[in-house]
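Understanding the architecture of this molecule
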Amino acid sequence: MSQRQVHLAAHFPGVNNTTVWSDPQSGSNIDFSSFEHFSRAAERGLFDFVFLAEGLRLREHKGEVFDLDTVGRPETVTVLSALSAVTRRLGLVGTLSATFNEPYDLARKLATLDHVSAGRAGWNVVTTNDAFTGENFRRGGYLDRADRYRRAVDFIHAARSMWDSDAGPFDFSSEFFSISGNFPVPSSPQTHPVLFQAGDSPEGRDFACANADAIFTRHSTLEDGKAFYADITERLARFGRSEDDLKVYPGVTFIIGDTHEAAIERSRSVAYQQVSGPGAIAFLERQWGRDLSAYDPNGPLPDIEPDDGSGNLSQGRVQHVKDPRPLIEEWRRLARDKNLSIRDLVVEVSTRHGFVGTADEIAGSMDEYIQERAADGFILIPHLTPGGLDEFVDTVVPALQARGVYRDEYPGGTLRDSMGLPGPTPADQWAAAREASDQPVGK
């Protein structure tokens, strides 16, 4: 039996707690030269695609822009269009909200990107539902959480209808949209740009299995990845789809060393670069719901209890923890047991470097994930911008090729070709399949 092939992609960081902006080698996340350097490295490494996240409003903390993240977010489609001129085979994937865009406008932009890139466009569909982001838009509102996936399904259906029209008339009516006209862009090289989704809730997984070509996941350990992959495969069958119809790409970090021990030490050093003293305090403030700036990040955890009334000092972040008190007690036990300061504790609980080792060790681990069906590929999240991929491309990619699990050249010409995806399903067949499934997402 032939070995499953490893696929690679890369995430150009926007807002996150991974990038070490203070490092002398770190550059801008605004200058086009950074996007170009990053993307050329990915293409040199024969990656499937480069992925841009997007936030429609800068995060805030205690009423001010959180400048420990980043204070600039360029518009995604513009950047991807520019990258299409300096790359030839690399896929170009952007995160774009189905809440704060309209089907005609976004379908037109993506079809155009697919044309100017000769078939390399992809759309990561997100379902924004918070009022904080909504304040940046004229309608000022936002969707109830229960409505966000239903609108997204309608949005995708409308976009597919326009992409299939081949510069012809379209007429689409649904719960959220009633639009008709003439779509001005002829059928693009892929017809439908590749659709991505990054939800991990049960409804998010169903949404991906019904609608997407690829799913991003945070499950970066082998056992968690295998469980996630098996769950996705089972869900695909409910929607009349096979395992090959949806590719699974966990987002992963990496630290490379000349020896295993050197990689471990480097990982620890990078973790402390990623968590500054002020960053550690801000991390705790998001759970305590209190101003903790009087505390020493190199001292013990606060002995005060969280503020039950506010708990919302940060805006623009997903709050995964509803009741922080059990989590805080767990952190206190951990800090006592290991004699950790605030900063030590935050490094312990917030930094996870997925692949740490020599280039050969990382290649071996990635190969194991793919053969064990814990993933189809990986989205690399380097800690440096824009040069964070260079070392990986120069060392790990050759190690993967030596194992016979990574290509020596790009196949075909489109993003679908690179990812090993089937051709797009026509809009009417896609809609019929969703209606026939026993769990029609969005209804």
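Residues numbered from 1 in each chain as written. Predicted model: local features only at pLDDT ≥ 70, side-chain atom pairs only at ≥ 80, totals over all residues. Heavy atoms only, no water.

This part takes up the layout of surface pockets. In this structure, the second largest pocket occupies an estimated 290 Å³ of space. Around the second largest pocket sit 21 residues that line it, and Arg-241, Asp-245, Thr-425, Trp-430 and Arg-434 are the ones nearest its centre. Examining the composition of the lining of the second largest pocket, we find that four residues originate from one element, helix α15 (residues 427–436), more than from any other. For the lining of the second largest pocket, the class distribution of residues is nine nonpolar, six polar and six charged. (1 Å grid on protein atoms, 1.4 Å probe; cavity = no way out; pocket = protein on both sides within 12 Å on 5 of 7 lines; lining within 4 Å. Points joined across faces, edges and corners; volume = space filled by probe spheres on them. Helix = DSSP H or I, 4+ residues; strand = E, 2+ residues; numbered from the N terminus. Nonpolar A, V, L, I, M, F, W, Y, C, P; charged D, E, K, R; others polar.)

The subject of this paragraph is the sheet that holds strand β5 (residues 91–97). Around the barrel, eight strands lie side by side as β1-β2-β5-β6-β9-β10-β11-β15; this closed barrel has parallel pairing. Strand-to-strand twist across the sheet, computed as the mean angle between neighbouring axes with direction ignored, equals 30°. Where β5 lies against strand β6 (residues 121–126), six bridges are found, and the strand directions are parallel. Counterpart to Ser-97 in the pairing with β6 is Val-126. Across the sheet, helix α3 (residues 103–116) touches β5 and β6, and the angle it forms with β6 is around 150°. (Pairing = 2+ DSSP bridges. Axes fitted to C-alpha atoms, helices over the stretch in contact; angles between N-to-C directions. Contact = heavy atoms within 4.5 Å.)

With that out of the way, let us pick up the nonpolar core. For soluble globular proteins, nonpolar side chains are generally found buried alongside one another. Residues Leu-8, Phe-47, Met-366, Phe-378, Leu-380, Phe-392 and Leu-400 are the most contacted members of the largest nonpolar core, which totals 45 residues. Within the residue set of this core, elements represented by two or more residues are β1 (7–12), α1 (32–44), β2 (49–52), α2 (76–83), β12 (254–256), α12 (359–371), β15 (377–380) and α13 (390–402). Formed by 27 residues, the second largest nonpolar core is a distinct cluster that contains Ala-111, Ala-152, Phe-155 and Trp-430. (Core = buried A, V, L, I, M, F, W, Y, C linked by side-chain atoms within 4.5 Å. Buried < 20%, exposed > 50% of the residue type's maximum accessible area, 1.4 Å probe, protein only.)

Side-chain alternation along strand β9 (residues 194–197) places Val-194 and Phe-196 on one buried face and Leu-195 and Gln-197 on a second face that is also buried. Summarising the sheet, β6 and β9 pair through four bridges and their orientation is parallel. When the sheet's bridge partners are listed, Asn-124 is paired in β9 with Phe-196. When β9 meets strand β10 (residues 214–217), the two strands line up parallel, connected through two bridges. Note that in β10 the partner of Phe-196 across the bridge is Ala-214.

Further remarks concern the side chain of His-383. Position of His-383 relative to the elements: it lies in the loop between β15 and α13. Once residues lying within four places of it in the same chain are set aside, the contact partners of His-383 are Thr-18, Thr-19, Val-20, Ile-255, Arg-266, Val-270 and Gln-274.

Turning our eyes to something else, we now look at the pattern of salt bridges. The final tally for this structure, using the stated rule, is 24 salt bridges. The partner of Arg-150 in a salt bridge is Asp-147, with the nearest N and O atoms 2.8 Å apart. Taken together, the residues span about one helical turn, with Arg-150 and Asp-147 both in helix α5 (residues 145–164) at a distance of three residues. Notably, a salt bridge pairs Arg-266 with Glu-391, separated by 3.1 Å at the nearest N-O pair. Of the two residues, Arg-266 is situated in helix α8 (residues 260–274) and Glu-391 in helix α13; the sequence distance between them amounts to 125 residues. The class of Arg-266 is partly exposed, set by a relative accessible area of 30%. (Salt bridge = Lys/Arg side-chain N within 4 Å of Asp/Glu carboxyl O.)

None of this, on its own, says anything about what the molecule does.
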